[in-house]
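Listed here are the chains, written in short residue letters.
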Amino acid sequence: MYFIQCGEYVKIGKSNNVEQRRLALKTGNPYALNLLGVIECQSESESYRLENHLHRHFNPWHHEDEWFIIGHQILDFIHTATK
């Protein structure tokens, strides 16, 4: 699971290669993309469950697709749950 910031938004997603995913998101995007944190999952099914849980949990801050408006709730979670 990764948390990538772009301006006032954060993307909550999953990837086997976070840096490759960040670079793919950067293509065609004129804004800086900053990796805020990563949560290691033991399996693909665990990553799907966690992603679905986080998307539901942070639904009040949902913007579009897997992008969420950054607020202290999301930042606090990222800072306590990631490496």
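As a reminder, the structure under discussion sits directly above these lines.
Anyway, here's the lowdown on the structure attached to this text.

## Regarding the side chain of serine 47
When you line up the elements, serine 47 lands in helix α2 (residues 44–57). Only 2.7 Å separates the side chain of serine 47 from the backbone oxygen of glutamate 44, close enough to count as a polar contact.

## Some words on the sheet that holds strand β4 (residues 62–64)
The strands that make up a sheet pair up through hydrogen bonds in the backbone, lying either parallel or antiparallel. Strand order in the open sheet formed by 5 strands is β3-β1-β2-β5-β4, with antiparallel pairing between adjacent strands. Across the chains shown, the open sheet's two edge strands, defined by having one partner strand only, are β3 (34–38) and β4. On average, adjacent strands in this sheet sit at an angle of 35 degrees to one another, irrespective of strand direction. Sheet strands touched by α2: β1 (2–6), β2 (9–13) and β5 (67–69). Its angle to β2, the strand with the most contacts, is close to 145 degrees. Sitting on the sheet, helix α3 (residues 72–81) is in contact with β1, β2, β3 and β5, with an inclination near 60 degrees to β3.

## Structural notes on the pairing of β1
The buried count for β1 comes to 4 of 5 residues, which makes it a mostly enclosed element. The sheet contact formed by β1 and β2 spans 5 bridges and is antiparallel. Across the sheet, residue phenylalanine 3 finds its bridge partner in β2, namely isoleucine 12. Adjacent in sequence and paired antiparallel, β1 and β2 are bridged by 2 residues, among which glycine 7 carries a positive phi angle near 65 degrees. Relative to β3, β1 runs antiparallel, the two being bridged by 4 bridges.

## Some points on the nonpolar core
Judged by nonpolar contacts, Met1, Phe3, Val10, Ile12, Ile39, Leu50, Leu54, Phe58, Phe68, Ile74 and Ile78 together constitute the single largest core of 11 residues. Breaking this core down by element, the ones donating at least two residues are β2, α2 and α3. Not counting residues up to four positions away in its chain, the partners in contact with phenylalanine 68 are Glu8, Tyr9, Val10, Ile12, His55, Phe58, Asn59, Trp61, His62, His63 and Ile74. Counting residues in each nonpolar core, the second largest holds 7 residues, with Tyr2, Ile4, Cys6 and Val18 among its members.

Conventions used here
- Positions within a chain are numbered from 1, following the residues in the order the chain's sequence is written.
- Note on the predicted model: pLDDT of at least 70 is required for a residue's local features to be given, and 80 or more for side-chain atom pairs to be given and counted; whole-chain, interface and lining totals, by contrast, use all residues.
- Think of the side-chain values as coming from all heavy atoms in the structure, minus any hydrogens and water.
- The numbering of helices and of strands both runs from the N terminus, where a helix is a DSSP run of H or I of at least 4 residues and a strand a run of E of at least 2.
- Under the rule applied, a polar contact is a pair of N or O atoms within 3.5 Å (in protein, one hydrogen donor and one hydrogen acceptor; residues adjacent in sequence only if both atoms are side-chain atoms).
- In short, DSSP must find at least two bridges between two strands for them to pair.
- An axis is simply a line fitted to the C-alpha atoms; with a helix, the fit covers only the stretch in contact. Between two such axes, the angle follows the N-to-C directions and lies from 0 to 180 degrees.
- In this description, contact between two residues means that some pair of their heavy atoms is separated by no more than 4.5 Å.
- Residue burial is assigned from relative accessible area. The probe radius is 1.4 Å, only protein chains are included, and a residue is buried under 20% of its type maximum, exposed over 50%, and partly exposed in between.
- Definition of nonpolar core: a set of buried residues of the types Ala, Val, Leu, Ile, Met, Phe, Trp, Tyr and Cys, connected through side-chain atoms within 4.5 Å.

Read these as spatial facts, not as claims about activity.
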